[in-house]
Amino acid sequence: MKKDLLGLQQMTAPEIARILDTAVPMKEITGRQIKKVPTLRGRTVVNVFYEPSTRTRTSFELAAKYLSADTVSISASASSVVKGESLKDTARTICAMGADVVVLRHPMAGAAEMLARTVPAAVINAGDGAHEHPSQALLDLFTVREKTGRLDGLTVAVIGDILHSRVARSDIWGFTTMGATVRLCGPATMIPPGIEATGAAVCRNMEQALDGADVVIMLRIQLERQQQGLFPGVREYARLFGLDEKRLALARPGALVMHPGPVNRGVEISPAVADGVQSMINEQVTNGVAVRMAILYLLSGGGKNE
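Residues numbered from 1 in each chain as written. Predicted model: local features only at pLDDT ≥ 70, side-chain atom pairs only at ≥ 80, totals over all residues. Heavy atoms only, no water.

**Focus: the pairing of strand 4 (residues 122-128)**
Test applied: Relative accessibility decides the category of a residue: with a 1.4 Å probe and only protein chains considered, values under 20% of the type maximum give buried, values over 50% give exposed, and everything between is partly exposed. Only DSSP runs of H or I covering at least 4 residues are called helices, and only runs of E covering at least 2 are called strands; the numbering of each starts at the N terminus. In this description, strands pair whenever DSSP reports at least two bridges between them.
Among the 7 residues that make up strand 4, 7 are buried, leaving the element largely enclosed by the rest of the structure. Taken together, the 5 bridges between strand 3 (residues 101-106) and strand 4 define a ladder with parallel strand orientation. Residue Leu-104 lies in a different strand from strand 4, and its bridge partner there is Asn-125.

Given below as structure tokens:
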């Protein structure tokens, strides 16, 4: 592993596969009655979140604690950031206190990369603007591989607000690198120009995107990152781009339904589908801890002599 995990765009298939393979025994640990191993005892992991988060932040905290690392969580609203301190100075202060790993979520694209060039600690990108969210994509890959036994040759439909979604970008890089075909669908105003250069195909409508798909990843409308006027209204969006049981029937029988959360029920996905047998939403949350344990382990030097 490299020093940092900043995104999947530059990662190779063997590098991604190593993380997924390492997550397998980590998931076994999360299923034990006593979820604790001494692997990272003496290491310190600091979570620095400039944006609200429930799943990612808690997942990284649990992952570090299960590996016996010491953890500290810092939110921008409760730190010296409100006094005008820069991200670079905040990170340098944290590292001066002995942090080994910094997990960063930031509203600006490229923040994690800038930080990685500044501090000696390993930096994990937990989401930077509308750029990437690598650990989410890795847990998506892990979930699909666990359920289907493969990634190569699958068809993955990613539907929703592609323009503002860092998950979509990381999923595109991750799935295409591992040999899957990725289809994108959403309002025309939410499809980034030139996105086809990533290797993904843009579909005109939901029916085309879902036809024979093995995996369906639904994305929420990211109102906090977008300007108004990109779609007529929530009801219209749900009618044209919402996933219900009728539309799901267009995909392959038993197709996996995924969502990075939080879920807006009745908008991008119906309650019946979100709670249905094909839904992997809760499984994604469980696998997220295992995958982030694998990331922390490998970035902390685990497996160097394997």
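What follows continues from the structure just given.
**Examining the domain arrangement of the chain**
Put simply, the rule is: The source of the domain bounds is an automatic or database domain assignment. Throughout, a contact is declared for two residues whenever any of their heavy atoms are within 4.5 Å. As a working definition, buried area equals the accessible area (1.4 Å probe) given up by two parts on being put together, with both sides summed. A carboxyl oxygen of Asp or Glu within 4 Å of a side-chain nitrogen of Lys or Arg is what we treat as a salt bridge.
Splitting the chain by domain gives domain 1 (13-133 + 285-300) and domain 2 (134-281). Between the C-alpha centres of domain 1 and domain 2 the distance comes to 25 Å. Counting residues at the interface gives 28 residues for domain 1, matched by 28 residues for domain 2. When domain 1 packs against domain 2, close to 2200 Å² is buried across both sides, 60% of that on carbon and sulfur atoms. On the domain 1 side of the interface with domain 2, the three residues burying the most area are Ile-16, Leu-20 and His-133, jointly 28% of the side's total. The closest approach of N and O atoms between Asp-21 and Arg-145, which form a salt bridge, is 2.9 Å.

**Re helix 3 (residues 87-96)**
How we decide: This arc corresponds to the set of directions leading from the helix axis out to the C-beta atoms.
Every buried residue of helix 3 is accounted for by Leu-87, Thr-90, Ala-91, Ile-94 and Cys-95. For helix 3, the arc enclosing every buried residue in end-on projection is 130°, short of the 170-degree limit, so these residues lie on one face. In this fold, the buried residues of helix 3 make contact with strand 1 (44-49), strand 2 (70-75), strand 3 and helix 4 (111-116). Just beyond helix 3, the residue with positive phi is Gly-98, at close to 105°.

**Notes on the sheet that holds strand 2**
Stated formally: Angles here are taken between N-to-C directions and fall from 0 to 180 degrees, while the axes themselves are lines fitted to C-alpha atoms, restricted in helices to the stretch in contact.
Taking strand neighbours across the sheet as the criterion, the 4 strands line up as 2-1-3-4 in an open arrangement whose pairing is parallel. Of all strands in the sheet, those bounded by a partner on one side alone are strand 2 and strand 4. Averaged over all pairs of adjacent strands, the angle between their axes in this sheet comes to 15°, without regard to strand direction. In this structure, strand 1 lies alongside strand 3, joined through 5 bridges in parallel fashion. By the bridge assignment, Val-45 is partnered in strand 3 with Val-101.

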